[in-house]
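Residue-level listing of the chains:
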Amino acid sequence: QVQLVESGGGLVQAGGSQRLSCAASGRTFSTYDMGWFRQAPGKEREFVAAISRSGGSTYYSDSVKGRFTISPDNAKNTVYLQMNGLKPEDTAVYYCAADRSPYNDRWDSRSYTYWGQGTQVTVFS
């Protein structure tokens, strides 16, 4: 089992940057594929980015591709989401998730077994 704790959310002006962190405890971090999802008020949870346990494959939604970067720090058991060029429509609660299986669809929230509590990101113009 793994426990996930997100941090780094807050208020940021449009065009600015923010880095989210997801600290994992419990089982070895590198045995999970990791993902970031977000949920805005009144909307369904949507895929943002994911990374394979080896770090060799990354996945991004079209809405964030080229602006967001997911990266791991295995020594710190942490996965980051660097967000640049933020837009008001990026406002949401951001969730980190972990999946034990390497065979599931990374963009499907149902693939993930473990979830953090979420961190709020608010982008104002």
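A brief report on the enclosed structure follows. Everything numeric here is computed off the predicted structure, so don't read it as measured data.

Criteria and cut-off values
- Residues numbered from 1 in each chain as written.
- Predicted model: local features only at pLDDT ≥ 70, side-chain atom pairs only at ≥ 80, totals over all residues.
- Heavy atoms only, no water.
- Helix = DSSP H or I, 4+ residues; strand = E, 2+ residues; numbered from the N terminus.
- Rg over C-alpha atoms; globule rule 2.2 N^0.38 Å.
- Buried < 20%, exposed > 50% of the residue type's maximum accessible area, 1.4 Å probe, protein only.
- Areas by Shrake-Rupley, 256 points an atom, 1.4 Å probe, with all protein chains shown as cover.
- Core = buried A, V, L, I, M, F, W, Y, C linked by side-chain atoms within 4.5 Å.
- Pairing = 2+ DSSP bridges.

**Observations concerning the overall build of the protein chain**
Link 1 in the chain: When you go through the protein chain residue by residue, the secondary structure sums to zero helices and eleven strands.
Link 2 in the chain: Going from N to C terminus, the protein chain has its helices and strands arranged as β-β-β-β-β-β-β-β-β-β-β.
Link 3 in the chain: Against the 2.2 N^0.38 benchmark of 14 Å for 125 residues, the protein chain shows a C-alpha radius of gyration of 13 Å, consistent with a compact globule.
Link 4 in the chain: In terms of overall dimensions, the protein chain has a C-alpha envelope of 40 × 25 × 25 Å along the principal axes.
Link 5 in the chain: Classification of the 125 residues of the protein chain by burial places 44% in the buried group.
Link 6 in the chain: When the accessible surface of the protein chain is summed, it comes to about 6300 Å², and 46% of that surface belongs to carbon and sulfur atoms.

**Here we look at the nonpolar core**
Link 1 in the chain: Formed by 28 residues in total, the largest nonpolar core has its most connected members in L4, M34, W36, L81 and Y94.
Link 2 in the chain: The element contributing the most residues to this core is strand 9 (residues 92–99), with four residues.
Link 3 in the chain: One finds F37, F47, A50 and A97 within the second-largest nonpolar core, a separate group that totals five residues.

**Structural notes on the pairing of strand 5 (residues 46–51)**
Link 1 in the chain: Strand 5 sits mainly inside the fold: five of its six residues count as buried.
Link 2 in the chain: With five bridges joining them, strand 4 (residues 33–39) and strand 5 adopt antiparallel strand pairing. Within the sheet, the bridge partner assigned to W36 lies in strand 5 and is A49.
Link 3 in the chain: By the bridge criterion, three bridges tie strand 5 to strand 6 (residues 58–60) in an arrangement that is antiparallel. Counterpart to A50 in the pairing with strand 6 is Y59.
Link 4 in the chain: Taking the residues that link successive antiparallel strands as the turn, the strand 5-strand 6 hairpin has six residues, and the phi of G55 there is positive, at about 80 degrees.

On their own, these measurements won't tell you what the molecule is for.
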